[in-house]
Amino acid sequence: MTTEAIASPMATRIGQALDRLRERRPLVQNITNYVSMDIAANALLALGASPAMVHAPEEIDDFGRLIQALAINIGTLSSDWVAAMTLAATVAHERGTPWVLDPVGAGATRFRDASVQQLLPFGPSVIRGNASEIMAVAASCGLGLSAARPKGVDSANTTSEAEVLSIELARHVGCVVVATGAIDFITDGRRQAHLANGSPLMTQVTAIGCSLSAITAAFCAIEPDRFDAAVAALAVVGIAGERAAAQTARPGSFRTAWIDQLAALDATAITSDLKLS
Amino acid sequence: MTTEAIASPMATRIGQALDRLRERRPLVQNITNYVSMDIAANALLALGASPAMVHAPEEIDDFGRLIQALAINIGTLSSDWVAAMTLAATVAHERGTPWVLDPVGAGATRFRDASVQQLLPFGPSVIRGNASEIMAVAASCGLGLSAARPKGVDSANTTSEAEVLSIELARHVGCVVVATGAIDFITDGRRQAHLANGSPLMTQVTAIGCSLSAITAAFCAIEPDRFDAAVAALAVVGIAGERAAAQTARPGSFRTAWIDQLAALDATAITSDLKLS
Amino acid sequence: MTTEAIASPMATRIGQALDRLRERRPLVQNITNYVSMDIAANALLALGASPAMVHAPEEIDDFGRLIQALAINIGTLSSDWVAAMTLAATVAHERGTPWVLDPVGAGATRFRDASVQQLLPFGPSVIRGNASEIMAVAASCGLGLSAARPKGVDSANTTSEAEVLSIELARHVGCVVVATGAIDFITDGRRQAHLANGSPLMTQVTAIGCSLSAITAAFCAIEPDRFDAAVAALAVVGIAGERAAAQTARPGSFRTAWIDQLAALDATAITSDLKLS
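Bear in mind the structure is a predicted one, so any value in this text is a computation, not a measurement. Per chain, the residues get numbers from 1 upward, laid out in the order the sequence is written. Think of it this way: whatever chain is written first is A, whatever ligand is written first is 1, and the rest follow in order. Totals for whole chains, interfaces and linings use every residue, but because this is a predicted model, local features are given only for residues with pLDDT of at least 70 and side-chain atom pairs only at 80 or more, for both listing and counting. Side-chain numbers come from the whole structure's heavy atoms, not from hydrogens or water.

## Brief notes about the overall build of chain A
And then number 1: If you tally the helices and strands in chain A, you get 11 helices and eight strands.
And then number 2: Only C-alpha atoms enter the radius of gyration, while the globule expectation follows 2.2 Å times N to the 0.38, with N the number of residues. Taken against the 2.2 N^0.38 rule, which gives 19 Å for 277 residues, the C-alpha radius of gyration of chain A at 17 Å falls within 12% of a compact globule.
And then number 3: Its C-alpha atoms put chain A at 45 × 40 × 35 Å along the principal axes.
And then number 4: Remark: exposure states derive from per-residue accessible area (1.4 Å probe, protein chains only) relative to the maximum for the residue type, with buried under 20%, exposed over 50%, and partly exposed in between. Relative to its full complement of 277 residues, chain A shows a buried share of 66%.
And then number 5: Relative to all contacts within chain A whose residues are 6 or more apart in sequence, the contacts with residues 24 or more apart total 71%.
And then number 6: All accessible-area figures derive from a Shrake-Rupley calculation using a 1.4 Å probe, and residue coverage is judged against the displayed protein chains alone. On chain A, roughly 8,900 Å² of surface is accessible, and the fraction owed to carbon and sulfur atoms is 52%.
And then number 7: Each charge class in chain A can be summarised by its mean position, and for the 20 positive and 26 negative side chains these summaries are 2 Å apart. Each helix is a run of H or I in the DSSP string that is no shorter than four residues. Each strand is a run of E no shorter than two, and both are numbered from the N terminus. By definition in these notes, contact holds between two residues if any of their heavy atoms fall within 4.5 Å. As used throughout, the charge tally considers Lys and Arg to be positive and Asp and Glu to be negative, leaving His and the chain termini uncounted. In plain terms, the charge of a residue is placed at NZ if it is Lys, CZ if Arg, CG if Asp and CD if Glu.

So, in structure tokens, the structure goes:
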């Protein structure tokens, strides 16, 4: 089976999911790090979703009634925010609202690992991290012998090193796991896919990974199959990145062009550019 | 009376206010949400004001002596920040410093409505929100029968639906009320105006509304008539938006172009572009 | 001795430092203000360093083992953050990790001055502020008769007014002091240098000064002579600013162009553009 043979029906499904997202304009709550708030909100808006950054424990229950998805990102952590994240995950779990966990910097500190362990019981729909982060989360679940080499919030591992642990983690938690890198790996413990879209410039702009997690939550709001939702999010983010990189080789301009391309993206672009296998 | 007949002397006054703002360079304290901090600070700088983001209770009294205006925005709320906002509003009230309230997401949660009610007694000079937010603030003041349909932090109401409640709210609080949308509505309970400047792209970039509230505070610092100050802020933000939209149709580039146009704006641009009635 | 005669070997050293920074890609922890997080992270990435924004007391000790430098910036202060800053400075001091202090708004409130005094005993490698901030820090150390006229977070003093106090402060604390302005002044209490690179547009974009402090920390990670590290940081930031200003006269575009130029900068650009005396 060639790459194209798989990509073609999936490309159609991604295009339809994007149309549906723009039509329904899902409200996505983000409890995310300070660094990513601006770009994640702008990426969600550019794509066609409705972002809201809400984290006060006092209003999480009320706000939880309004949202269609939740993204939790542990980038700039503090104990207050872990409490808010835990409450939001609880509420999402009870109500069946899909939620995405971005375990930024997992493995770098015990506080991060403990925070992730506190959140996992509430059943994330998708865990999205770089290869080192995914391997560290797996290790903190007692899976495998961790070879994660996190470097602050950057990854020192390739996604191919993370594949086996990603599958184990997906089965252990019962969710979709996405390990991003030059080649992205997506699995729900049963199915798996590789995506080759994207550009090295995406690692030279802060919080594009965080924005991807937020966009994954937006797709979960309109696509019940979380594996498909995760693939769709990776595809639009990566294709927009490639198209932006065709316009500029510099990170400042690239950030702007990437947002522009998210807004410009349509089903035709996905069909023509998708590199899925 | 035609639109032009009204606009012409007002355009002149707005141009003069902008010149005065750039000459005096007012120091504007912002206690605002994390999402808007970067763009609001850059918008104030581009226009010619001096922004400062200061929220520690320990320094609000000291800092309150230095500022010419205050903007309070409840976007990313928490109980600590509500306490800081309340203290800053108290200090501004005591010293006669003009302050602007941006009730982001009012009506979406009880915590937001309670926070707004806690702040209103300290006499904001201007309340600026989208139509749903203004209607929700009015409702939480016991005015009218709320038909507000907030959608997260976006509006599901038009400003024409919000006009009657805006006037009632302005009279109830004793301030200027601005409901923004495709057509902006401004009232002090006695006078009213409609502004048709702006671009739909302004809703595709996060926190342009928050930046407008900060810019409204900057104009309050140099224009004692708060109705005129609010109109001036709306005019410069909307005209810059139109001019930016003439340069690009994409939200990433638009954000950059809007900041550029705020810096480039002068009295001539206002006279030629103002759509006030 | 002419300017060129001094600049030439220094330009070579700065170019070598930049190459080393890109090769080693130091992990720089930032405990900084909310306004600057996005631009500081992007500036560090564009230059070639690895930024991390980490401030939870629970993880400062763990994370401190991974980093090569630390930048502390008191822009949007609160008591919780002062505690985190103090802990991080303590850990850096114990481990010999270089750290940079950016005393944003020093002199504007007693809370800021007290926070700076709480941090100074932990031996910053470099203090970087505008002229008013440096003069205020010196004054709060009991040096000179302060003539600092801070205006919120902007400066009302020129760096030439701050020279004597900068030297006294450098000797008092035992660190490098950098006072930035149209002409930047750098001293370690013994050596001194003036840098004339930069553009007035740099003051029309928020947090370029904060980003400079973060970049100074990155250079301290790879250059044991902190005086040279500070000069290198000022040089790359200022030269990138000049080159960006040659592309655009507007602040929105300038912000993007400045990031682009940081990524594009190389030893040749430094040799040709450096204005050091």
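## Focus on the interface of chain A and chain C
And then number 1: With 26 residues of chain A in contact, the opposing surface of chain C contributes 27 residues.
And then number 2: Buried area counts how much accessible surface, traced with a 1.4 Å probe, disappears from two parts once they are put together, with both parts' losses summed. Summed over both partners, the interface of chain A with chain C comes to about 2,300 Å²; 55% of that surface belongs to carbon and sulfur atoms.
And then number 3: Each salt bridge in this description consists of a side-chain nitrogen of Lys or Arg and a carboxyl oxygen of Asp or Glu lying within 4 Å of one another. Along the contact surface separating chain A from chain C lie three salt bridges.
And then number 4: Two residues, Asp62 of chain C and Arg110 of chain A, come together in a salt bridge whose shortest N-O distance is 2.6 Å.

## Points about the packing of aromatic side chains
And then number 1: Any two of the Phe, Tyr and Trp rings considered here, Trp counted by its six-membered ring, make a pair once their centres fall within 6.5 Å; the pair's planes then place it as stacked at under 30 degrees, edge-to-face at over 60, or tilted in between. Summed over all chains, the structure comprises nine aromatic pairs over all chains.
And then number 2: Ring geometry for Tyr34 of chain A and Trp81 of chain C: centres 6.0 Å apart, planes at 55°, overall tilted. With Tyr34 of chain A in the loop between strand 1 (27-31) and helix 2 (37-47) and Trp81 of chain C in helix 4 (residues 79-95), this residue pair bridges two chains.
And then number 3: Residue Tyr34 of chain A is classed as buried on the basis of its relative accessible area, which comes to 7%.
And then number 4: Residue classification places Trp81 of chain C among the buried positions, given a relative accessible area of 6%.
And then number 5: In textbook terms, an aromatic cluster arises when at least three aromatic residues are bridged by ring pairs, as seen for Tyr34 and Trp81 of chain A, Tyr34 and Trp81 of chain B together with Tyr34 and Trp81 of chain C.

## Let's talk about the sheet that holds strand 6 (residues 176-180) of chain C
All names here are of chain C.
And then number 1: The strand order across the open sheet built from eight strands is 2-1-3-4-5-6-7-8, with neighbouring strands paired in mixed fashion. The open sheet terminates on both sides in strands that have one partner only, identified here as strand 2 (50-53) and strand 8 (192-195). Strand-to-strand twist across the sheet, computed as the mean angle between neighbouring axes with direction ignored, equals 20°.
And then number 2: Only C-alpha atoms enter the line fits that serve as axes; for helices the fit covers just the stretch in contact. Angles between N-to-C directions range over 0 to 180 degrees. Taken strand by strand, helix 2 (residues 37-47) contacts strand 1 (27-31) and strand 2, and its axis lies near 155° from that of strand 2. DSSP bridges decide pairing: two strands pair if at least two such bridges lie between them.

## Brief notes about the pairing of strand 5 (residues 126-130) of chain B
It is a general feature of regular strands that their side chains alternate between the two faces of the sheet.
All names here are of chain B.
And then number 1: For strand 5, the buried fraction is high: five of the five residues fall into the buried class.
And then number 2: Residue alternation in strand 5 divides its side chains into two sets, Val126, Arg128 and Asn130 and Ile127 and Gly129, and both sets are buried.
And then number 3: With two bridges connecting them, strand 4 (residues 99-102) and strand 5 associate as parallel partners. For Val100, the partnering residue across the bridge sits in strand 5 and is Val126.
And then number 4: Seen with its strands pointing away from the viewer, a crossover is right-handed if its path from the first strand over the helix to the second goes clockwise. Between the parallel elements strand 4 and strand 5, the chain passes through helix 5 (residues 110-119) in a crossover that is right-handed.
And then number 5: Looking at chain direction, strand 5 and strand 6 (residues 176-180) are connected through five bridges and run parallel.

## Examining the interface of chain A and chain B
And then number 1: With 27 residues of chain A at the interface, the matching set in chain B holds 26 residues.
And then number 2: Per-residue buried area on chain A facing chain B is highest for Glu59, Asp62 and Asp260 of chain A; these three make up 20% of the total on that side.
And then number 3: Seen at the junction of chain A and chain B, the total is three salt bridges.
And then number 4: Between Arg112 of chain B and Glu59 of chain A there is a salt bridge, with the nearest N and O atoms lying 2.7 Å from each other.

## Considering the relation of the copies chain A and chain B
And then number 1: Overlay of chain A on chain B (RMSD 0.0 Å): rotation 120°, translation along the axis 0.0 Å. Taken together, these values place the two copies in the relation of a three-fold axis. Residue Tyr34 of chain A of chain A places its C-alpha closer to the rotation axis than any other residue of that unit, at 3.8 Å.
And then number 2: Of all interface residues in chain A, a mere 7% are interface residues in chain B too; the two copies therefore contact each other through different surfaces. Our superposition of the copies is a least-squares fit, built on the C-alpha atoms of residues whose pLDDT is at least 70 in both.

## Description of the environment of Met202 of chain C
And then number 1: Among the secondary structure elements, Met202 of chain C is positioned in the loop between strand 8 and helix 8 (208-222).
And then number 2: Considering only alpha carbons, one finds Met202 of chain C and Leu276 of chain C, 74 residues apart in sequence, at a separation of 18 Å.

## Examining the packing of helix 4 (residues 79-95) of chain A against helix 5 (residues 110-119) of chain A
All names here are of chain A.
And then number 1: In contact at an axis separation of 10 Å, helix 4 and helix 5 are set at 20° when each is read in the N-to-C sense. Here helix 4 lies roughly parallel to helix 5, going by the angle between them. Here the hand of the crossing between helix 4 and helix 5 comes out right-handed. Where helix 4 abuts helix 5, its residues Ser79, Val82, Met85, Thr86 and Ala89 lie against Phe111, Ser115, Gln118 and Leu119. Roughly parallel here means an angle under 35 degrees, roughly antiparallel means over 145, roughly perpendicular means 65 to 115, and every remaining angle is called oblique. By definition, any crossing whose near helix is turned counterclockwise from its far helix by less than a right angle is left-handed, and any crossing with a clockwise turn is right-handed.

## Focus on the state of the cysteines
And then number 1: Any two cysteine sulfur atoms lying within 2.5 Å of each other are counted as a disulfide. Per the stated rule, a full pass over the model turns up zero disulfides over all chains.
And then number 2: Among the cysteines around Cys175 of chain A, which has no disulfide bond, Cys141 of chain A carries the closest sulfur, lying 9.1 Å off.
And then number 3: Owing to a relative accessible area of 5%, Cys175 of chain A belongs among the buried residues under this scheme.
And then number 4: There is no disulfide at Cys210 of chain B, and the cysteine sulfur nearest it, in Cys220 of chain B, is 17 Å away.

## Points about the confidence of the model for chain A
And then number 1: Per residue, pLDDT captures the predictor's confidence, and it can take any value from 0 to 100. In the predicted model, chain A carries a mean pLDDT of 94, and 94% of its residues have values of at least 70.
And then number 2: Overall fold confidence for the complex sits at a pTM of 0.95, while the interface term, ipTM, reaches 0.94.

## Section: helix 8 (residues 208-222) of chain A
Since the α-helix advances by 3.6 residues per turn, residues separated by three or four positions end up pointing in the same direction.
And then number 1: Here a helix's expected span is defined as the number of its residues, less one, multiplied by 1.5 Å. Taking 1.5 Å as the rise per residue, helix 8 of chain A with 15 residues should run 21 Å; its terminal C-alpha atoms sit 22 Å apart, in good agreement.
And then number 2: Counting buried positions over the 15 residues of helix 8 of chain A gives 14, a clear majority of the element.

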